[in-house]
Amino acid sequence: MKVLSAVAWPYANGPRHLGHVAGFAVPSDVFSRYMRMAGHDVLMVSGSDEHGTPILVLADKEGVTPRELVDRNHAIIAGELADLGCSYDLYTRTTTPNHYAVAQELFRQVWANGYMVEQTTKGAVSPSTGRTLPDRYIEGTCPICGYEEARGDQCDSCGNQLEPEDLKSPRSKIDGETPRFIETQHFFLDLPALADSLRTWLEGREASGTWRPNVIKFSLNILDDIKPRAMTRDIDWGIPVPLEGWDDASQVGPKRLYVWFDAVVGYLSASIEWARRLGEPERWREWWVEGTVPEAQESYYFMGKDNITFHSQIWPAELLGYAGKGAKGGEPGVYGELNLPTEVVSSEYLTMEGKAFSSSRGYVIYIRDVLEKYGPDAIRYYICAAGPEAQDANFTWAEFVQRNNSELVAGWGNLVSRTAAMIAKNFGEIPQPGPLEPVDEAVRAAVLGAFGTVGDLLARQRVKAALGEAMRTVGEVNKYVTDTEPFKLKGEDERERLATVLHTLVQCVADLNVILAPFVPAAANRVHTAIGGEGELMPMPRLATVPDLDEEGREYPIVTGEYTATPAWASRPVTVGAPITKPAPLFTKFDTETVVADELDQVPGA
Ligand SMILES: [Zn+2]
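Below is a short write-up of the structure.

Quick notes on the rules
- Residues numbered from 1 in each chain as written.
- Predicted model: local features only at pLDDT ≥ 70, side-chain atom pairs only at ≥ 80, totals over all residues.
- Heavy atoms only, no water.
- Helix = DSSP H or I, 4+ residues; strand = E, 2+ residues; numbered from the N terminus.
- Rg over C-alpha atoms; globule rule 2.2 N^0.38 Å.
- Buried < 20%, exposed > 50% of the residue type's maximum accessible area, 1.4 Å probe, protein only.
- Contact = heavy atoms within 4.5 Å.
- Lys, Arg positive; Asp, Glu negative; His and termini not counted.
- Charge placed at Lys NZ, Arg CZ, Asp CG, Glu CD.
- Salt bridge = Lys/Arg side-chain N within 4 Å of Asp/Glu carboxyl O.
- Phe/Tyr/Trp six-rings, centres within 6.5 Å; stacked < 30°, edge-to-face > 60°.
- Axes fitted to C-alpha atoms, helices over the stretch in contact; angles between N-to-C directions.
- Parallel < 35°, antiparallel > 145°, perpendicular 65-115°, else oblique.
- Left-handed = near helix turned anticlockwise from the far one by under 90°.
- Donors = N, O, S within 2.8 Å, 3.2 Å for Na, K, Ca; no water.
- Tetrahedral: all angles 85-135°; square planar, octahedral: opposite > 155°, others 65-115°.
- Patch = residues over 30% accessible without salt bridge, like charges linked within 9 Å, V, L, I, M, F, W, Y side chains within 5 Å.
- Areas by Shrake-Rupley, 256 points an atom, 1.4 Å probe, with all protein chains shown as cover.
- Disulfide = S-S within 2.5 Å.
- Pairing = 2+ DSSP bridges.

Observations concerning the overall build of the chain
Okay, step 1: Counting secondary structure elements, the chain contains 16 helices and 19 strands.
Okay, step 2: Over its C-alpha atoms the chain spans a radius of gyration of 27 Å, differing by no more than 12% from the 25 Å that the globule rule assigns to 606 residues.
Okay, step 3: When the backbone C-alpha atoms are referred to their principal axes, the chain occupies close to 95 × 60 × 50 Å.
Okay, step 4: Across the 606 residues that make up the chain, the buried fraction comes to 57%.
Okay, step 5: In the chain, 76% of the contacts between residues at least 6 apart in sequence involve partners at least 24 apart.
Okay, step 6: The centroid of the 57 positive side-chain charges in the chain is displaced by 3 Å from the centroid of its 85 negative side-chain charges.

Re unusual backbone geometry
Negative phi is the rule for most residues except glycine; trans is the rule for most peptide bonds.
Okay, step 1: A positive phi angle, close to 45°, is found at S169, a residue other than glycine.
Okay, step 2: Structurally, S169 can be placed in strand β8 (residues 168-172).
Okay, step 3: Even without being glycine, E353 reaches a positive phi, approximately 45°.
Okay, step 4: Note that E353 resides in the loop between β15 (350-352) and β16 (355-356).
Okay, step 5: The exposure class of E353 is partly exposed, given its relative accessible area of 26%.

Considering the pattern of salt bridges
Okay, step 1: If you walk through the whole model with that rule in mind, you get 37 salt bridges.
Okay, step 2: Note that E273 and R277 form a salt bridge whose closest N and O atoms lie 2.9 Å from each other. Pair noted here: E273 and R277 are both in helix α7 (residues 259-278), with a separation of 4 residues, about one helical turn.
Okay, step 3: According to the relative accessible area criterion, E273 is buried, its value standing at 2%.
Okay, step 4: Note that E337 and K325 form a salt bridge whose closest N and O atoms lie 3.1 Å from each other.

Here we look at the packing of aromatic side chains
Okay, step 1: Applying the stated criterion to the full structure yields 25 aromatic pairs.
Okay, step 2: For the ring pair W274 and W287, a centre distance of 5.4 Å and an interplane angle of 90° mean the geometry is edge-to-face. Here W274, found in helix α7, pairs with W287, found in helix α8 (residues 285-288); they are 13 residues apart in sequence, far enough to count as distant. W287 matches W274 in its accessibility class, with the two residues each being buried.
Okay, step 3: Between F395 and F400, the aromatic rings sit 5.9 Å apart at their centres with planes inclined by 45°, giving tilted as the arrangement.
Okay, step 4: Site record: aromatic cluster; members linked through ring pairs are Y374, Y382, F395, W397, F400 and F590.

Structural notes on the packing of helix α11 (residues 397-426) against helix α16 (residues 592-601)
Okay, step 1: Their axes nearest at 9 Å, the elements α11 and α16 cross at an angle of 150°. Considering the angle they form, α11 stands roughly antiparallel to α16. Along this stretch, α11 crosses α16, giving a crossing that reads as right-handed. Across the interface between the two elements, W397, A398, V401 and N405 from α11 touch T592, V595, V596, E599 and L600 from α16.

Quick look at the coordination of the zinc ion
Ideal geometry at a metal centre: 109.5 degrees between donors when four sit tetrahedrally, and 90 or 180 degrees when six sit octahedrally.
Okay, step 1: Within the protein, C142 (SG), C145 (SG), C155 (SG) and C158 (SG) serve as the donor atoms for the zinc ion, at 2.3 Å.
Okay, step 2: For the zinc ion, the 4 donor atoms in the first shell make angles of 104 to 116° at the metal, so the coordination geometry reads as tetrahedral.
Okay, step 3: Spacing between the donor residues of the zinc ion along the chain follows C-x2-C-x9-C-x2-C. Here C145 is found in the loop between β6 (138-141) and β7 (150-151), whereas its partner C158 is found in the loop between β7 and β8, with 13 residues between them in sequence.
Okay, step 4: A residue is classified by how much of its surface remains accessible, and C158, at 32% relative accessible area, is partly exposed.

Examining a negative patch on the surface
Okay, step 1: On the surface, D135, E163, E165 and D166 cluster together into a negatively charged patch.
Okay, step 2: Position of E163 among the secondary structure elements: in the loop between β7 and β8.

Some details on the state of the cysteines
Okay, step 1: Tallying each qualifying case throughout the model produces 0 disulfides.
Okay, step 2: Cysteine C86 remains unbridged, with the sulfur of C384 as its closest cysteine sulfur at 10 Å.

A closer look at the sheet that holds β16
Okay, step 1: Read across the sheet, 3 strands follow the order β16-β15-β17 without closing on themselves; strand pairing throughout is mixed. Two strands bound the open sheet, and with one partner strand each, they are β16 and β17 (393-395).
Okay, step 2: Bridging between β15 and β16 involves 2 bridges; their strand directions are antiparallel. Across the sheet, residue T351 finds its bridge partner in β16, namely A356.

Encoded structure:
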């Protein structure tokens, strides 16, 4: 099967914090790694989302150009995701000519098919700079409840949706100026004309029973009051509207594609960029266009719950409009009829010590800091075991340390170390086993069974339950050590029995290492070496600086990798005679009191 793993595009406004990666980056990597192990042909793509007003405002504030700002932040984010071990086939960015061309092709065909309708609307501009002010950058007094800090799009006090021109005493959040309201033309995606097709698709997905219930319910609900939505903005940072009469000179001010129109197109443009970089420019179709290959094609989109609308409504509507599959008919553009998402996998929110993450208020844990201090395994393990998969979750340093120390180190790491140490001491290599006893057969059956149970859960993106099942099996193998007491088998007449137990044990450890590899791939490579394995078990991503495919002289970092050597999701027999030495420590135990005290010191009010 061809599996497209489409991972949400981080917004390039700064380094990533734990909340950003817990929801989608790590879970999508676990899923993608498992699907490769299960024999599927996975294409995993993402990139930095670099357009939109917040980038513009931030660049102004820092006195740099938007391009300089996103160049810096893209490099930072790509480095963090690579170090976290996220195995993208391509992690790219939205400021490439390749992405511009793909986004414009989609816009043009959606427009040609009649699903982009022009409407006049009121827009706010800053009198001093002439720049347009997006709704969220206007504050004022709510006309309904009188709350003085209502935003242009919504009042947080009474919860009503607002239009910025309704606010009393409106002011710009950027500089406090009173905005001027002007009439402006924009293109609106005609969502009502696509609603029936969206509903048919969503009802089909609901019938599959595979979506998380809250996601499918929310997606169907928002169809009930579907309205046209503006897909262009008055802004000079973004992708130009690819239609005559919409260039900067023809209009009151510059107009660009709405950042969300272009960001979701990134899944497609990154797939195309990947194929172009491979030198096989049409390869992307194997994941996107039905009938290109004999295998089934599936696509999984990973994101936080605040982005469900864009993935279960806006993006499918763009795809349906592009294919001419709405009430107004039409025909597909040059890319053909593109596949709609198979699954929209949305996570919930992560809080930190009971509060929402907020970079500005200091409630934040930067991924870079965590990677440097604790390495990728502990944080990936925590996210998989206790992340916001199906309900909101709360990160605490105490739980982070406790899970690392008692589960990853004492549960798994200790089993590996004991196994390798006993083999090193008694045989120096993996011994030839004698006949198995029922206790040996039972533990082998438990471990082999875990391939089925853990695999089924991972295929359904139940990462938390899958890890729980894997660690429960680790517990059974630890119990096998307690039951068979190999450390007491010291006599010459017990030598064959000792060999059998240790062989059984190292085979269980090798199998569990394969099962745990999608969750903690870096650790899996260390364990693999410790138990006599050769080479690397799990291929890791790398950061590479590549030339832009279309813009001469420009280069940028991407995350990519070669994952064809990914091991199969199956037991691989260990090699009798493979040398094993006493292993160096494989995992690090953290000092509970120091870590918790040091980290909490940096959290305001904790
Ligand atoms: Zn109000």
